[in-house]
Amino acid sequence: MFSLVRGSVCAHLARRHAHSIPSFTHLNAVTHDDLAHFAKILPPNAILSTLPPNLNSADDLVPYNVDWMGKYHGQATTVLRPRTTQQVSDIVKFCASRRIGIVPQCGNTGLVGGSISLQKEIVLSLGAMNSVRSFDPVSGVLAADAGCILESLSDYIARYNHIMPLDLGAKGSCQIGGNISTNAGGLRFLRYGSLHGTVLGLEVVLPDGTVLDQLSTLRKDNTGYDLKQLFIGAEGTLGVITGVSILTPPAPRASNNIFLALPHFKNVLPLFQTVKRQLGEILSAFEYIDRTAYDMGLEHGLGPILNPDEVGDAQCFVLAETSGGNHDHDSEKLNNLLESLMSADEPLIYTGTLSQSPGQFASLWALREGLTECLQKEGKPYKYDLSVPLAEFQNVVDAVRARLISKGLYGDHGITKVMGYGHVGDGNLHLNAIAKYGYRPELEAALEPFIYELVASHKGSVSAEHGIGSMKTSALRYSKNDVSIEWMRKIKHVFDPLNIMNPGKVLPSV
Ligand SMILES: Cc1cc2nc3c(=O)[nH]c(=O)nc-3n(C[C@H](O)[C@H](O)[C@H](O)COP(=O)(O)OP(=O)(O)OC[C@H]3O[C@@H](n4cnc5c(N)ncnc54)[C@H](O)[C@@H]3O)c2cc1C
């Protein structure tokens, strides 16, 4: 039923190409002597290790060894927390000489097991590098250390009436270096675009310890290859990002939102077209939530947003946001939109609500933003962030649920809920399947590669936002052809021939 993927050809190609990457199992574990060397670079409180002489407990390392979902459990014995780029460089240089693997880590909120060590690597945590380096209120260019928390940066520039070009549910913990390394999308993507456009410069410590200073604040610079682009979304496999310069837009003077209940999924696309036509340039987000996700949000206290009687049997919901320059003008546009939607001969919506105050604005967003955390409370979520054609969003969710039912794995004993929500404006579906009683191999086997084959059959992407990490290395081939993967390997080999930088992530092992 689904298009065949060239897995065996890919594996064959990988075996014979000249740029094979050494397996990370040939890397060395940290020793007592290594710790003594790290102690020459860092103060004692910047080194955590279960090895002597530190003898920290394994519990001390849990925040670095276990990911946000509790799905990936790392093996690192040692965590290093540098404060300066020079310290990062010294550490990396030493690790290269000793063949010690390095996992760069910022907020550890990644959702694909990219920030967790797989074997004997150290965790290089950037969290202590958390200073703003400069901000120019005229150009809006912010330069900051990689370990700055996204929300702290937002707060910092808010005093100059600027906002960060990205926003996501993890903003209170994720850090800008991690955001850039995962090329995070998030809730403002529709308006401000990708980090490939807004990041102006990076400072990166390369796998041999060299500092690549490309911390440009120029908006235009056509002097040859744009190397920084390679590190955006590289998930720590090409180097350690230590500094960032990023273009921040002025804060919109007026932000409004509406929340709409739709009878059927098939109304989402015509609604999107109508909303784009009527709101034009002030539309800044168009988010989709299916009924299962909406009900889960309500069960966890994120509503009610709409009158339950008016919602009736609505199959899905849409949150649309405007960001413009004139509150009354934007509000009037939204009001007109809502009225025209409600009074149409064949209405696309059952009902809707328009925020009337900053408090209401925040509570409409709270349901959408809170869904990821609700999933954690429900059980263990299998999370897939997919790019598929908009028209297929619901079909993909339904196909996965049907697959689980056919395998006898849908229900309390297996997957209790399958749901979809996401950024319609970006063609990005977040598909989630909740295992109430924990992750189990037979559940994963029912979901993968089924979901990846489904995505490939729609010519989609197995990762719209979260990246590949260690979770999807074998799924990379569903979205990248052999030639692309071969060139990715060549690039990795040029930067990191010893494969010390986040080994086992992104590229499938050879
Ligand atoms: C509640 C919640 C909501 C989320 N919402 C979204 C969303 O809307 N959109 C979206 O795109 N993602 C979302 N995510 C996932 C997203 O990938 C992360 O939240 C974020 O971008 C990762 O930042 P971090 O600082 O936690 O990075 P980490 O988790 O620490 O690291 C992520 C990856 O980047 C690498 N890395 C980290 N720091 C560096 C560095 N300095 N140099 C080189 N490599 C580095 C790591 O090795 C790892 O591979 C969400 C996650 C959560 C928990």
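Residues numbered from 1 in each chain as written. Predicted model: local features only at pLDDT ≥ 70, side-chain atom pairs only at ≥ 80, totals over all residues. Heavy atoms only, no water.

The name an unreviewed UniProt entry gives the chain is FAD-binding PCMH-type domain-containing protein, with Boletus reticuloceps as the organism. In its Catalytic activity (unreviewed entry) section, UniProt records this for the chain: "(R)-lactate + 2 Fe(III)-[cytochrome c] = 2 Fe(II)-[cytochrome c] + pyruvate + 2 H(+)". Listed under Cofactor (unreviewed entry) in UniProt, the entry text for the chain is "FAD". (UniProt positions renumbered as here; feature names shortened; annotations may be inferred.)

## A short note on helix α3 (residues 58-65)
Taken residue by residue, α3 has Leu61, Tyr64 and Asn65 as its buried positions. Considered in projection along α3, the buried side chains sweep an arc of 85° and stay on one side of the axis. Of the surrounding elements, those touching the buried residues of α3 are β1 (47-49), β2 (78-80), β3 (102-105) and β4 (122-125). (Buried < 20%, exposed > 50% of the residue type's maximum accessible area, 1.4 Å probe, protein only. Helix = DSSP H or I, 4+ residues; strand = E, 2+ residues; numbered from the N terminus. Arc of directions from axis to C-beta. Contact = heavy atoms within 4.5 Å.)

## Remarks on the UniProt feature "domain: FAD-binding PCMH-type" (unreviewed entry) in the chain
Here, the residues flagged by UniProt with the feature "domain: FAD-binding PCMH-type" (unreviewed entry) are residues 72-251. For the annotated span residues 72-251, helix accounts for 23% and strand for 22% of the residues, and the straight-line distance between the end C-alpha atoms is 37 Å.

## Things to note about the packing of aromatic side chains
By the definition in use, this model includes 13 aromatic pairs. Measuring from ring centre to ring centre gives 6.0 Å for Tyr384 and Tyr452, while their planes differ by 70°; the resulting arrangement is edge-to-face. A residue pair is termed long-range when its members are at least 10 positions apart, and Tyr384 in strand β14 (residues 380-387) and Tyr452 in helix α17 (residues 450-457) qualify at 68 residues. On the accessibility criterion, Tyr384 (1% relative accessible area) is buried. Linked through ring pairs, Phe135, Tyr156 and Tyr160 together constitute an aromatic cluster. In this arrangement the basic side chain of Lys71 is found over the ring face of Tyr439, its NZ or CZ atom lying 5.2 Å from the centre. (Phe/Tyr/Trp six-rings, centres within 6.5 Å; stacked < 30°, edge-to-face > 60°. Lys NZ or Arg CZ within 6 Å of the ring centre and 35° of its normal.)

## Examining the sheet that holds strand β5 (residues 132-136)
With antiparallel pairing, 5 strands are arranged side by side in an open sheet as β5-β6-β9-β7-β8. For this open sheet the edge positions go to β5 and β8 (211-214), each flanked by a neighbour on one side alone. Direction aside, the axes of adjacent strands within the sheet are offset by 10° on average. Examined bridge by bridge, strand β7 (residues 199-205) and β8 share 4 bridges and lie antiparallel to one another. Bridge assignment links Val204 to a residue of β8, and that residue is Leu212. Contacts from helix α4 (residues 85-98) reach β5, β7, β8 and β9 (240-247), with the element oriented near 50° to β7. Sitting on the sheet, helix α5 (residues 150-158) is in contact with β5 and β6 (141-145), with an inclination near 40° to β5. (Pairing = 2+ DSSP bridges. Axes fitted to C-alpha atoms, helices over the stretch in contact; angles between N-to-C directions.)

## As for the site of the ligand
Not every one of the 32 residues close to the ligand is listed here, only the nearest: Pro104, Gly107, Thr109, Gly110 and Glu465. Ser181 places a side-chain nitrogen or oxygen 3.0 Å from a nitrogen atom of the ligand. Glu465 is positioned such that a nitrogen or oxygen atom in its side chain is 2.8 Å from a nitrogen atom of the ligand. Alone, the ligand offers 970 Å² of accessible surface; in the complex the protein occludes 97% of this. With 3 residues, the top contributor of residues to the shell around the ligand is helix α6 (residues 176-181). The class makeup of the residues in the shell around the ligand is 11 nonpolar, 19 polar and 2 charged. Two domains each put at least three residues into the shell around the ligand: domain 1 (7-128) and domain 2 (132-247). (Near = heavy atom within 4 Å. Polar contact = N/O pair within 3.5 Å; in protein donor to acceptor, adjacent residues only side chain to side chain. Areas by Shrake-Rupley, 256 points an atom, 1.4 Å probe, with all protein chains shown as cover. Nonpolar A, V, L, I, M, F, W, Y, C, P; charged D, E, K, R; others polar. Domains from an automatic or database assignment.)

## Notes on the domain arrangement of the chain
Accessible area lost upon the coming together of the parts serves often as the stated size of an interface. Examined at the domain level, the chain breaks down into domain 1 (7-128), domain 2 (132-247), domain 3 (254-371) and domain 4 (379-479). When each unit is reduced to the centre of its C-alpha atoms, the spacing between domain 1 and domain 3 is 44 Å.

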